[in-house]
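Structural description and commentary
Each chain is listed here by its residues.
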Amino acid sequence: MISRTLGPELGGSIGTLFFLANIVSSALCLTGCVEGLIDNFGESGYLVPVDSYLLKDGHWWRFTYTSSLNFLNLIICLIGATLFAKTTVIIFAIVVICLVSSIISFFLKSPFQIEVPAANIFVNQTNTTAMLNYTGFSLTTFTENLGPSFGRDYTSNNIAVTFSSVFGVLFCGVTGILAGANMSGNLKNPSYSIPRGTLGGVLFTFISYITLSILAAATCSRDLLQENYVFLMPINIWPPFTSIGILTATFSASLSCLIGSSRVLEALAKDCIYGRLLQFVNYGVWRSNPVAAVLFSWLLVQLILFIGSLNLIAQLNSILFLLAYVALNLTCLGLDLTSAPNFRPSFKYFSAWTCSLGLMGSVIMMFVINPFYASTSFGLCLLLILLLHFFSPCEATEWGSISQALIFHQVRKYLLLLDPRKNHIKFWRPQMLLMVANPRSSCPTITFINDLKKSGLFVLGHVKVDKAETNLDYTDKAISSWLTLVDHVKVKAFVELTVANSVRDGLHHLIRLSGMGAMKPNTVVMGFYDDKVPLDYFTRLDSVYKTSAFQGITTNEEKFPLRLPNEEKHLSASEFVSMICDIFQMHKNICICRHFDLYNKTDIVKNIKYKYIDVWPVNFFGPSMNDAYDTSSLFMLQLSCIIKMIAVYKKHTLRVHLLNTIDIQSQRMQLKQLLSTLRIKATIHEVTEWSQIDLRTLDSDRNTYISRVNKLIKNQCAETAICFVYLPMPKEIRGSDLQNVSYLNSLTDLTNNLPPTVLVHGVSAVTSTTL
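Residues numbered from 1 in each chain as written. Predicted model: local features only at pLDDT ≥ 70, side-chain atom pairs only at ≥ 80, totals over all residues. Heavy atoms only, no water.

Take the packing of aromatic side chains next. What the rule picks out here adds up to 30 aromatic pairs. Seen in terms of ring centroids, phenylalanine 448 and phenylalanine 596 are 4.9 Å apart; in terms of plane orientation they differ by 50°. Their pairing is tilted. A residue pair is termed long-range when its members are at least 10 positions apart, and phenylalanine 448 in helix α19 (residues 443–452) and phenylalanine 596 in the loop between β11 (589–594) and α23 (601–606) qualify at 148 residues. Ring centres of phenylalanine 596 and tyrosine 599 lie 5.5 Å apart, and the angle between their planes is 45°; this geometry places the pair in the tilted category. In this structure, phenylalanine 596 and tyrosine 599 share a single accessibility class: buried. Positioned above the aromatic ring of tyrosine 529, the side-chain terminus of lysine 569 is 4.0 Å from the ring centre. Above the plane of the ring of tyrosine 612 lies arginine 655, whose end atom (NZ or CZ) is 3.8 Å from the centre. (Phe/Tyr/Trp six-rings, centres within 6.5 Å; stacked < 30°, edge-to-face > 60°. Helix = DSSP H or I, 4+ residues; strand = E, 2+ residues; numbered from the N terminus. Buried < 20%, exposed > 50% of the residue type's maximum accessible area, 1.4 Å probe, protein only. Lys NZ or Arg CZ within 6 Å of the ring centre and 35° of its normal.)

Okay, structure coming up:
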């Protein structure tokens, strides 16, 4: 229940500690049962004649007795839950009879004196004739017992008793109430039986404890309560009744904890929380009985029995159970705070306040009982959470986790607070929409843009060209594969898919609808339109993205099939240019990536040949003295600074190219001042070869001019990892197909044979010096 709500990490860690709590509780009850046996049948035992005994006493004798009882528990649990249920019914009847006899005895017994038990050597050594008073019903006795006055524990070297130690021991008497929940797998109707059985058990236990406490306080002197822990036996009309009740109750509790812990372990194994580590539990099931889990639990109980001390085991047991109760209250509180519609508790007194009270009460009492144990348990829980988060192989996608509900609740609240009207340039960050035709051939680009987003929004957009009316369920069918892709490529991205009659129409859909509220893409990124054969990074032997996750049994079942070399594209050259113009008109920044089939992040790290990140702040289709200071150039500088912040590129030098013009010294000073004002650490590199290019050929012989510019850029890029180049807009925003193709050809010639290149055009200011 906890893991299905809080998720596998927190649920698995709490489940593990709850399993250990049941193990410790079983050992505790066995130790208590043997202590009762020794007090009754050991040396100076109450039910044996003086100077005689049936059971020898001593550390290893007690260990032998507890081990024997533990082995009996094992036999019952191996036979199965049916025998356990029948056994507990019989034991319950016996305990009730013994309890009733104890209550009746208070009314039937007259006042008398009770001897100090032989086990209390501290009183017997100082006063061999000491007697303890049973006063019968007395208002004076009741009044004297109302106030707190803790004594010393004669069973533990006469150490002082405190409220925390008493609570730690007494709390163990109520932890068994939830044992029925561990057996939910064996119940016909758990949702009906568990709450009624648990609340019924709580009520019955509460009435029993309160009744005995009041009757004992009204009839027994404080000395009797402090110096004789088996005072109920001489008071009982037939002393063995008390002995039988203690022994059967403790044995029953140890049995229920052992079988309960095996069921918790089985649940951990079924959910594959610890992977192969607990696989033996799933294999060791016989007739629905988890035999392997029972044997493993029995072995752990046997190890706990070596501790021997009842009080030490009791405190540890209480801490672990309280931690489980902390998790239960936290689960219910989280569900209530997230306002999950399907969380409709039938308990009419449930509220967030009751959960908070239970949560705080459990945490406080953990530290009251034993601060060291409490801190250690929380530390162990945190360690298990981290280990399960990073190393657990469990697939819990279908469970649902309260973390998702809490995140949704908070994200919705803060998205409403994120007002797009309050956006300010000094807090600008890139929010990228990357148009992906096929992720098989786009992995390097996806990785690069993930680095470029600088903790901003990153959306992978894809357009399926088809009739929308016949593909209304396309997103539902395809989204799972795309999310698997995001996990495989290890990027922090959202996915948006659409169906449209053309890629251009689909682009309009994605630009308008991607994101939410103020978190909308401000930059659209596309790959370059060229005739290169797309590479399959999922099957290439030298690819870091190599995987078989998207392969199908047949070709038709393969995810993201690549376009064949002779297959017609869904997008024409003219439409591609029109898309660039559309993005500009929709007031979005534009980035076009080319040659990213050459991009290898690992190679950039290892290869010392890569030294620079280059920025070319000049509109080569119409150079101007002010190009370096316009919106597109400033946007390029901002992007280059962002990529320089990534660890891979920190060793690279940011290099801004300055063309050699007539007023070169003035241009250098202005550019240096700009970089200083923007606090951009970059070197200015003068391109002297620019003087050899005749600008008059830009109109008369455009192809020759662009080819020379391309050669100039290429000569400077021998040691460049990434190149940012100014993207000029077409002269005619709604030009003809011929004009569009001519513009695209110019871009192609400009960027031929360059390293991975990003063509950039900015439409709004993105730099600020006020931070």
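The rest of the description comes next.
Note on placement: serine 164 falls in helix α7 (residues 163–175). You can call serine 164 buried: its relative accessible area is 17%. Considering only alpha carbons, one finds serine 164 and threonine 250, 86 residues apart in sequence, at a separation of 22 Å. Beyond its immediate stretch of four places on either side in the chain, serine 164 contacts Val368 and Ile369. A polar atom in the side chain of serine 164 sits 3.0 Å from the side chain of threonine 162. Polar side-chain contacts of serine 164 include one of 3.4 Å to the backbone oxygen of valine 368. (Contact = heavy atoms within 4.5 Å. Polar contact = N/O pair within 3.5 Å; in protein donor to acceptor, adjacent residues only side chain to side chain.)

Attention now goes to the side chain of threonine 445. In this structure, threonine 445 sits in helix α19. Once you skip the residues sitting within four places of it in the chain, threonine 445 turns out to touch Leu434, Cys593 and Phe596.

Further remarks concern the environment of glutamate 43. Counting through the fold element by element, glutamate 43 comes out in the loop between α2 (8–41) and α3 (59–79). Residue classification places glutamate 43 among the exposed residues on the basis of a relative accessible area of 60%. Remark: the alpha-carbon pair of glutamate 43 and cysteine 581, spanning 538 residues in sequence, is separated by 99 Å. Setting aside residues no more than four positions away along its own chain, glutamate 43 makes contact with Tyr53 and Leu55.

Within this structure, the stated rule accounts for 15 salt bridges. One salt bridge connects arginine 594 with aspartate 530, and the closest N-O pair in it is separated by 3.8 Å. In this pair, arginine 594 sits in strand β11 while aspartate 530 sits in the loop between β10 (523–527) and α22 (573–585), placing the two residues 64 residues apart along the sequence. Between arginine 540 and aspartate 542 there is a salt bridge, and its shortest N-O distance comes to 3.2 Å. The exposure class assigned to arginine 540 is partly exposed, which follows from its relative accessible area of 30%. Residue class for aspartate 542 comes out exposed when judged on its relative accessible area of 55%. One continuous salt-bridge network, built from bridges that share partners, spans Arg440, Asp536 and Glu558. (Salt bridge = Lys/Arg side-chain N within 4 Å of Asp/Glu carboxyl O.)

Here the phi dihedral of phenylalanine 560 falls at roughly 55°; this positive angle occurs in a residue that is not glycine. Structurally, the position occupied by phenylalanine 560 is in the loop between β10 and α22. Unlike most non-glycine residues, histidine 587 shows phi in positive territory, near 60°.

Here the focus is the sheet that holds strand β15 (residues 720–726). In sheet architecture, strand pairing relies on hydrogen bonds along the backbone and comes in two forms, parallel and antiparallel. With mixed pairing, 10 strands are arranged side by side in an open sheet as β9-β8-β7-β10-β11-β16-β15-β12-β13-β14. Among the strands making up the open sheet, the edge pair consists of β9 (494–500) and β14 (683–687). Direction aside, the axes of adjacent strands within the sheet are offset by 25° on average. Relative to β9, strand β8 (residues 458–465) runs parallel, the two being bridged by 7 bridges. Across the sheet, the residue bridging to valine 465 is alanine 500, located in β9. Running at roughly 145° to β9, helix α20 (residues 474–489) makes contact with β8 and β9 of the sheet. (Pairing = 2+ DSSP bridges. Axes fitted to C-alpha atoms, helices over the stretch in contact; angles between N-to-C directions.)

Right, let's get into helix α16 (residues 352–369). Over its 18 residues, α16 extends 26 Å from the first C-alpha to the last, a length consistent with the 26 Å expected when each residue adds 1.5 Å. When α16 is considered as a whole, its buried residues turn out to be Ala352, Cys355, Ser356, Leu359, Ser362, Met365, Met366 and Ile369. (Expected span 1.5 Å × (residues − 1).)

Feature annotation in UniProt places "domain: SLC12A transporter C-terminal" (unreviewed entry) on residues 453–531, given in this structure's numbering. In residues 453–531, the share of helix is 34% and the share of strand is 25%. The end C-alpha atoms are 28 Å apart. (UniProt positions renumbered as here; feature names shortened; annotations may be inferred.)

Let's shift gears to the environment of leucine 55. By the element assignment, leucine 55 lies in the loop between α2 and α3. When its relative accessible area of 22% is taken as the criterion, leucine 55 is described as partly exposed. Those residues within four positions of leucine 55 in sequence are excluded, and the remaining contacts are Leu37, Ile38, Phe41, Gly42, Glu43 and Tyr65.

Turning our attention to the packing of α3 against helix α12 (residues 240–270). Running from amino to carboxyl end, α3 crosses α12 at an angle of 55°, the nearest separation of the two axes being 10 Å. When the axes of α3 and α12 are compared, the pair comes out oblique. The element α3 and its partner α12 pack so that their crossing is right-handed. Between α3, through Leu69, Asn70, Leu72, Asn73, Leu74, Ile76 and Cys77, and α12, the contact on the second element is made entirely by Phe251, Ser254, Leu255, Leu258 and Ile259. Split into classes, the residues belonging to the contact of α3 with α12 amount to 9 nonpolar, 3 polar and no charged. (Parallel < 35°, antiparallel > 145°, perpendicular 65-115°, else oblique. Left-handed = near helix turned anticlockwise from the far one by under 90°. Nonpolar A, V, L, I, M, F, W, Y, C, P; charged D, E, K, R; others polar.)

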